[in-house]
Amino acid sequence: MERIISRIKARQIFDSRGVPTIETEVLLTNGIKACAAVPSGASTGKFEAYELRDGDDNNYFGKGVLQAVRNVNDIISHELSGKDVTKQLKIDDLMIALDGSENKSNLGANAILSVSLACARAAANSFNIPLYKYLGGINATYLPCPMMNILNGGAHADNKLTFQEFMIVPLGAKTFFEAMKFGVEIFHSLKLLLKSKGLNTSVGDEGGFAPDLASDVQAIELLMKAIEDTSLTTDKVSIAIDAAASEFYSDGQYFFEYENKALDTRQMVSHWENIVNNYPVVSIEDALDEEDYSGWKTLTEVLGDKCQLVGDDLFTTNPQRLKKGIEEGWANSILIKPNQIGTLSETIDTVNIAQDAGYTTVMSHRSGETEDTFIADLAVALNCGQIKTGSLSRSERMCKYNRLLKIEEELCTEAEYKNPFSL
């Protein structure tokens, strides 16, 4: 059966924050079609591929993506028409060459990624198999451990917390179904706890609570109390932090504004060492600035055997930056965001490089999400082991969790769920 691209059509839609983003539909000559939508981040690394925005302040405050849409409809569609949709690497390479820039700034990484993902989904549909099976084959059986962002600070909240995300990690669950049970009960337990203290229980962009707390340590202790109130223990559910350190780093100092203190790199490493030694924190993301390379090396030497150290802004899902980090000894884990690099093929390449080097891999959403569940299938397909897709509220977050529940049900006895920190 032919699996030839007949037409590609993009449109502007809106993400979970009401910000424009792009969705693309790929139609094959056999009538099969598929869509994919691209998310967008609030906290972005300087080394990410270029997200093309219109920059017209009179429309959507400059955030429109109509030029990216035109690039798909007028340029990419013409080049890919007639191509075999199953040739993912050739499709992605063609778009990269067509763009011609180092960071996909001509066509826009958002435009390119929307086509890349839609082609993969159309190919899976043409074989009438789930996306995770199409991308991962018989090895796609490993359900990721969710890192659930239930308490927010930093760029994700209007409160005094410096760190951006405080997450619970149900690493002691036996199945993904049970992991969700743990997470949902702790989320509601935390809500009751915050209410009892007269704290705000409204939720932010990623569905987590954003109470006005005095310190990051207080946030950790609240999570521990919520876990305890659910009759669970920290060997069943541990804690992870996304510091997003580049957001509070300047001139060689890490500024904790509301605590009125500034730490140099050496002091910041000691600060993390103190947190890991005193609290059940198993993972820290972006613990240092994206260009504090000597600091990352020191941090990894100090904590690499005790804690997962995840590079997000440090690596930006870029295979070349990851290779450099592996050589230099930066971190021991990488966050995977397809829109940071701009094609599915490059995303898969990055995951393979990381796993071959013994780095853990964490599939991730963005703060501006859509109802597209692609990353849920991709996490299973690539045996990522962990996934971040937000808190336990807001449908653009829950749809990824619900997709993973369905995948676990489909896999039945083949489904695996393991503690990613004991592999």
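We now turn to the structure provided with this report.

Reading the values: the criteria
Residues numbered from 1 in each chain as written. Predicted model: local features only at pLDDT ≥ 70, side-chain atom pairs only at ≥ 80, totals over all residues. Heavy atoms only, no water. 1 Å grid on protein atoms, 1.4 Å probe; cavity = no way out; pocket = protein on both sides within 12 Å on 5 of 7 lines; lining within 4 Å. Points joined across faces, edges and corners; volume = space filled by probe spheres on them. Helix = DSSP H or I, 4+ residues; strand = E, 2+ residues; numbered from the N terminus. Nonpolar A, V, L, I, M, F, W, Y, C, P; charged D, E, K, R; others polar. Expected span 1.5 Å × (residues − 1). Buried < 20%, exposed > 50% of the residue type's maximum accessible area, 1.4 Å probe, protein only. Salt bridge = Lys/Arg side-chain N within 4 Å of Asp/Glu carboxyl O. Core = buried A, V, L, I, M, F, W, Y, C linked by side-chain atoms within 4.5 Å. Contact = heavy atoms within 4.5 Å. Pairing = 2+ DSSP bridges.

The calculated volume of the largest pocket comes to roughly 370 Å³. Along the wall of the largest pocket there are 19 residues; nearest its centre are Gln308, Gly358, Tyr359, Thr360 and Pro420. Those elements giving two or more residues to the lining of the largest pocket turn out to be strand 13 (360-364) and strand 14 (385-390). Residues that form the lining of the largest pocket fall into these classes: eight nonpolar, 10 polar and one charged.

With 13 residues, helix 11 (residues 344-356) should reach 18 Å at 1.5 Å per residue; the first-to-last C-alpha distance of 18 Å fits that figure. By the burial criterion, the buried members of helix 11 are Leu344, Ser345, Glu346, Thr347, Thr350, Val351, Ile353 and Ala354. Remark: Gly358 follows helix 11 within two positions and exhibits a positive phi of approximately 85°.

Below, the discussion takes up the pattern of salt bridges. Under the criterion given, the structure shown has 23 salt bridges. Between Arg403 and Asp377 there is a salt bridge whose closest N-O contact spans 2.8 Å. Residue Arg403 is located in helix 13 (residues 395-411), and its partner Asp377 is located in helix 12 (residues 374-381); the two are separated by 26 residues in the primary sequence. In terms of burial, Arg403 and Asp377 fall into one category: buried. Between Arg394 and Glu396 there is a salt bridge; the shortest N-O distance is 2.6 Å.

Positive phi, normally seen in glycine, also occurs at Tyr60, with a value near 55°. Turning to its location among the elements, Tyr60 is positioned in the loop between strand 3 (33-37) and helix 1 (66-80). Backbone geometry at Thr316 places phi at a positive 45°, although glycine is not the residue there. Position of Thr316 relative to the elements: it lies in the loop between strand 11 (308-311) and helix 9 (319-328).

The biggest cluster of nonpolar side chains holds 125 residues, and the ones touching the most others in it are Phe163, Leu190 and Trp272. Looking at this core element by element, the count peaks at 11 residues for helix 3 (residues 109-127). Once you skip the residues sitting within four places of it in the chain, Leu190 turns out to touch Ile150, Leu151, Phe209, Leu222, Leu223 and Ala226.

A few words on the sheet that holds strand 9 (residues 261-263). Strand order across the open sheet formed by three strands is 7-8-9, with antiparallel pairing between neighbours. Edge positions in the open sheet fall to strand 7 (249-250) and strand 9, since each of these has one partner strand only. As judged from the two bridges shared by strand 7 and strand 8 (residues 253-256), these two strands associate in the antiparallel manner. Residue pairing in the sheet places Ser250 in a bridge with Gln253 of strand 8.

Our focus in this paragraph is the side chain of Asn149. Mapped onto the elements of the fold, Asn149 is located in strand 4 (residues 145-152). Residue class for Asn149 comes out buried when judged on its relative accessible area of 0%.

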